[in-house]
Amino acid sequence: MNSTLGYGLVLGGLAFASFGALVGLVGGMRRDDAAFPWVMRCVWGFFLCMLGANVVMEWALLTNDFSVAYVAQVGSRATPTVYKIVSLWSALEGSILFWGVIMGSYVLAFALVHRNEHGRYMSLALGTMLAVGVFFTFLIAGPANPFHTVSPVPTDGPGPNALLQNHYLMIIHPPMLYLGYVGMTVPFGIAVAALLRGQMGDAWMAPLRRWTLVAWLFLSVGIILGSWWAYAVLGWGGYWAWDPVENASFLPWLTATAFMHSTLVHERKKMLKLWTLSLVLGSFVLTILGTFMTRSGIFNSVHSFTQSDIGPTFLVFIAVLMFVCIALLSVRGHLLVAESDIKSMLSRETTILVNNLVFVAITFTVLLGTLYPLISESVRGIRVSVGEPYFNKMAVPGGVMVLFLMGVGPMLPWGSADPKLVRERFWVPAAVGAVIVGACLLAGLRGFYPLLTFGLAGFVTVITLRELALPVKVRMSEKNEGFVTALLGSAAKARRRFGGYIVHLGIVMIFVSVAASSAFVTHTSGTVRIGETLKIGGYQVKYLGLTSGQEPHRSFVATRVQVTAPNGDVSEMAPRMNYYERMTDPVGTPAVRETAKEDLYLSLMAFSEDRGTASFNAWIFPLVGWIWWSIPLLVLGTLIAVWPARRARAAAKEQERTPAAGASPEPNVGIHPGGAA
C-alpha cells in the first residue's frame, strides 16, 4: 500500500512538473499572460505530490514497513524514533526524495512571494524551476526509486549507516546542506528567465540577490555543521580534509559568494553584467555537479553514498545545463554590455573585481584537484591521489588575499579615491594588525601564513567595526523619486550593508580559527594503564578504567578519564567505542573538552580489559570552537540583509503605478524592485 501510494505521488509530481515547465516556458516566450495561472496550479500540484510522497515514506519508516525497498535498506526495529525519521536522508534514494520536497517548497515559496509580479516573467522563471524538478522527479521515479516492493518481506532491517546515527548533527547537517543546494534552483530560474526575455535591467537583480543569499546561508551553515560532524564523530582529529564531497559543497559556495559581491558593482556602477550572470548560472551547475559527486558513488568518502545507477543520468543533465547556460549567455551577451568603466585602481569596484577573480581561481583549483584523479584514471588508467598539501598550497594564499580584500574594499570609495584620504583611513587598521603580529611573535608564535592571517584579521575587524559605526546617510535620489521612496530605499541599502558587515565578522572568526587550529595544534598518543597519566601541553590525562552499557540500537565501551587542566580544574571525559549489530568494526566517538581558548580532544584507539590498558590519541586545538560559533553571526547578518522592506516595496509599487512623464506605458517585463531586500 505504501509503495503504491508513494510511487503514485511521485508520478503525479513528475506530471505536474512536466506540464508546468512546458506551459511556463512556452507561454512566457509567447507573452501569453493566461499561462501563469496554470503554472501556479502546477507548482501547487508538484509541491503537494512531493510532500505527500515524503510523508508516505516517513510513515513507512516509523511503522517498519519492510515491504518498501528503502525501509528494508535503512530501517530497523531497534532504531530510535528520531533516527528513523532522519533516516529518510541517510541513503541515496531517500535523500533524492527529500530533495524533491525541498525543491517543491522553494518553488512554491518563490511563487507565493512574487505572485503579484508580471505574469510572463514569472511563467518563465517558474517554468525553468519546474524543468529542474522534472529531472529530479524522473530520478525518483526511475533510477533512484525508493518505493520498490520487496518480496519476501524481511522481518527486520540493518538500520541507517552507523556513522549517521552516531551523533545528533546527523539530524540537522544534511537538511541544511540540501536547503543550500536546492535553493540555488531559484536564482537559476530567475537568471534564465531574465536571459530568455532579454530584460537585463535592475528589476531582476533584487530577487536574484535575495534568493541567492537565502541559499548561501543554508549552504554556509551546512558546510560548518558538516565540519563539526566530522570533528565530533569520526575521531581523526580534524574537521576539514579536502574530501571530494566536502569540496563538492565548497565549490558553489565560492561562486555564490563571488556573485553576491559582483551584484554590488552591478547595482552601483552598471558593470560586470555578463560576469554576474555567469556566476549565478555557474553556481547552480556546480550544485548539480556536487550532487553527482556525492550520490553517484564515484568517490571514496565517508560522506558519499554507495555505488548507484544515477551517474550517467546526472552527467547527461550536467551536459544539458552547460549547453543551455553557454547558449543563453552567447545569444544574449550583447545585452550585457557595461554602462561604465573602472576609473581608478583605488576604488571599491576594483577590489571587488579582484576579489571575484580570486574566488574563481580558488574554485578552479579545488575543482581541478577534486576531479583530477578521475580524469587520470579514465585517460591513463592510473588512479592518483590529490591530498591536503596540494589544496593547502593553492588555496591558502588565495584565502589570505580574500581576507585582505575584505578590509581594503570597504575602506575605498566607489569611482576613484583621494590617495591622501586612503592613507588616513589605512594607518589605524594597519597599526592594529601590526600590533597583533608583534604580540604573537612575543608570545612565541611562528609561521608566516598564521601570523599574517591574525594581523589581517585585526586589520579587517577594525575597518568592519568602523563601517558598522558610520551614520547612515540618506540622500534624495538623482532620479525623480519621492522623498519617502528615497528614504526607504536608502534604509534598505543600509540594512544590506549592515548585515553584510556582520557576516564579514563571522568570516573573520572562521579565518582566525582555521589558522590557529591548523598551525598550532598539539598532538600526542600513547598507551597507559589504569592509574597512569598521559601528558599533553599543560593537561594531565589520567586513565581510571572502563565502563560499558547497552542502548536500544547499540552497545558501547567507554573509558573513564580524569583531566587536570593547566589552571588546576579537574573534570572527567569518556571517549568511547560504539558497537552496532550489523557492523563488524566499532565506531569510535571522541570526547572533547571545549573552552573559548582551545579544545582538548581525546580519541580511544584500543583497549584491553585483561591488561587494564587503553590507547589514546590526544590533540589540543586552539580556538577551534570559533568555527561553529561563527554560525550565529552568519545567520544574523544574512537575515538582516534579506529581511523584506514592506514599506519600501509599497512605495515602489505606488511609484510604478504613477510613471514619470514621457515614460512608456509598456510594463517592464521582469520582477520589479519591490522584491528588493
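Throughout what follows, the structure given in this document is the object of discussion. These numbers were taken from a predicted model, which means no experiment stands behind them.

**Some details on the overall build of the protein**
Then, in step 1: Check the secondary structure of the protein and you find 20 helices and ten strands.
Then, in step 2: When each of the 677 residues of the protein is scored for burial, the buried share is 55%.
Then, in step 3: Long-range pairs, those at least 24 residues apart, make up 74% of the contacts in the protein between residues at least 6 apart in sequence.
Then, in step 4: Working note: accessible area of the protein is about 28,700 Å², and carbon and sulfur atoms make up 64% of it.

**Quick look at the pairing of strand β4 (residues 554-564)**
Then, in step 1: Sheet topology places strand β3 (residues 539-551) next to β4; eleven bridges connect them, and they run antiparallel. Within β4, the residue paired with G545 across the bridge is R560.
Then, in step 2: With antiparallel pairing between neighbouring strands as the criterion, β3 and β4 make up a hairpin whose turn holds two residues.
Then, in step 3: Alignment of β4 against strand β6 (residues 576-579), held across four bridges, turns out to be antiparallel. Among the inter-strand pairings, S555 is bridged to a residue of β6, identified as Y579.
Then, in step 4: Relative to strand β5 (residues 570-573), β4 runs antiparallel, the two being bridged by four bridges. Note on β5: the bridge partner recorded for Q562 is E572.
Then, in step 5: The antiparallel pairing of β4 with β5 creates a hairpin that spans five residues between the two strands, and G568 there sits at a positive phi of about 95 degrees.

**Notes on the nonpolar core**
As a rule of thumb, nonpolar side chains are buried together in soluble globular proteins.
Then, in step 1: Counting 167 residues, the largest nonpolar core has M57, F110, L126, F136, W253 and L281 as the members making the most contacts within it.
Then, in step 2: No other element matches helix α9 (residues 205-233), which puts 16 residues into this core.
Then, in step 3: Setting aside its immediate chain neighbours within four residues, F136 contacts I96, W99, M103, I288 and F314.
Then, in step 4: Counting 19 residues, the second-largest nonpolar core is a separate cluster that includes V528, L600, A618 and I620.

**Some thoughts on helix α15 (residues 419-442)**
Owing to its 3.6 residues per turn, the α-helix brings residues three or four apart onto one side.
Then, in step 1: The first and last C-alpha atoms of α15 sit 33 Å apart over 24 residues, in line with the 34 Å expected at 1.5 Å per residue.
Then, in step 2: Remark: the principal bend of α15, roughly 30 degrees, maps to F426, with a proline, P429, within the next four residues.
Then, in step 3: Turning to α15, its buried residues number three or more, namely V422, P429, G433 and C440.
Then, in step 4: Elements in contact with the buried residues of α15: α16 (448-469).
Then, in step 5: Remark: G444 follows α15 within two positions and exhibits a positive phi of approximately 90 degrees.

**Side note on the sheet that holds strand β8 (residues 591-594)**
Within a sheet, adjacent strands bond to each other through the backbone by hydrogen bonds, running parallel or antiparallel.
Then, in step 1: Spatially, β1-β10-β9-β8 is the arrangement adopted by the four strands of the open sheet, whose pairing is antiparallel. Since the sheet does not close on itself, it has two edges, and those belong to β1 (522-529) and β8, each with one partner. The average undirected angle you get between the axes of adjacent strands in this sheet is 20 degrees.
Then, in step 2: Bridge count between β1 and strand β10 (residues 613-622): eight bridges; the pairing is antiparallel. Its bridge partner being in β10, T524 is matched across the sheet by A618.

**So, the side chain of T613**
Then, in step 1: Relative to the elements of secondary structure, T613 occurs in strand β10.
Then, in step 2: With near-sequence residues (within four places) excluded, T613 lies in contact with T527, V528, R529, Y543, F607 and S608.

**Quick word on the packing of aromatic side chains**
Then, in step 1: Applying the stated rule across the entire model yields 33 aromatic pairs.
Then, in step 2: Relative to W211, the ring of F110 has its centre 5.8 Å away and its plane inclined at 70 degrees; by these criteria the two rings are edge-to-face. Residue F110 is located in helix α5 (residues 92-113), and its partner W211 is located in helix α9; the two are separated by 101 residues in the primary sequence.
Then, in step 3: Since its relative accessible area comes to 9%, W211 is described here as buried.
Then, in step 4: Judged by centre distance (6.4 Å) and plane angle (15 degrees), the rings of W619 and F621 are stacked. Take W619 and F621: they sit in the same class, and that class is buried.

**Thoughts on the environment of A191**
Then, in step 1: Within the secondary structure layout, A191 lies in helix α8 (residues 185-197).
Then, in step 2: For A191, a relative accessible area of 0% translates into the label buried.
Then, in step 3: Each C-alpha atom, one on A191 and one on T128, is 9.6 Å from the other, the two residues being 63 residues apart in sequence.
Then, in step 4: Every residue in contact with A191, bar those within four places of it in the chain, is listed here: L208, L277, V280 and L281.

**Considering the pattern of salt bridges**
In a structure, side chains of opposite charge can pair up when their charged atoms sit close to one another.
Then, in step 1: According to the stated counting rule, one finds seven salt bridges in the structure shown.
Then, in step 2: With a shortest N-O distance of 3.8 Å, E267 and R209 are connected by a salt bridge. Separated by 58 residues along the polypeptide, E267 in helix α10 (residues 244-269) and R209 in helix α9 bring together distant segments of the chain.
Then, in step 3: Taking relative accessible area as the criterion, E267 reaches 22% and is therefore assigned partly exposed.

Quick notes on the rules
Residues numbered from 1 in each chain as written. Predicted model: local features only at pLDDT ≥ 70, side-chain atom pairs only at ≥ 80, totals over all residues. Heavy atoms only, no water. Helix = DSSP H or I, 4+ residues; strand = E, 2+ residues; numbered from the N terminus. Buried < 20%, exposed > 50% of the residue type's maximum accessible area, 1.4 Å probe, protein only. Contact = heavy atoms within 4.5 Å. Areas by Shrake-Rupley, 256 points an atom, 1.4 Å probe, with all protein chains shown as cover. Pairing = 2+ DSSP bridges. Core = buried A, V, L, I, M, F, W, Y, C linked by side-chain atoms within 4.5 Å. Expected span 1.5 Å × (residues − 1). Bend = angle between axes of the 7 residues up to and from the residue. Axes fitted to C-alpha atoms, helices over the stretch in contact; angles between N-to-C directions. Phe/Tyr/Trp six-rings, centres within 6.5 Å; stacked < 30°, edge-to-face > 60°. Salt bridge = Lys/Arg side-chain N within 4 Å of Asp/Glu carboxyl O.

None of this, on its own, says anything about what the molecule does.
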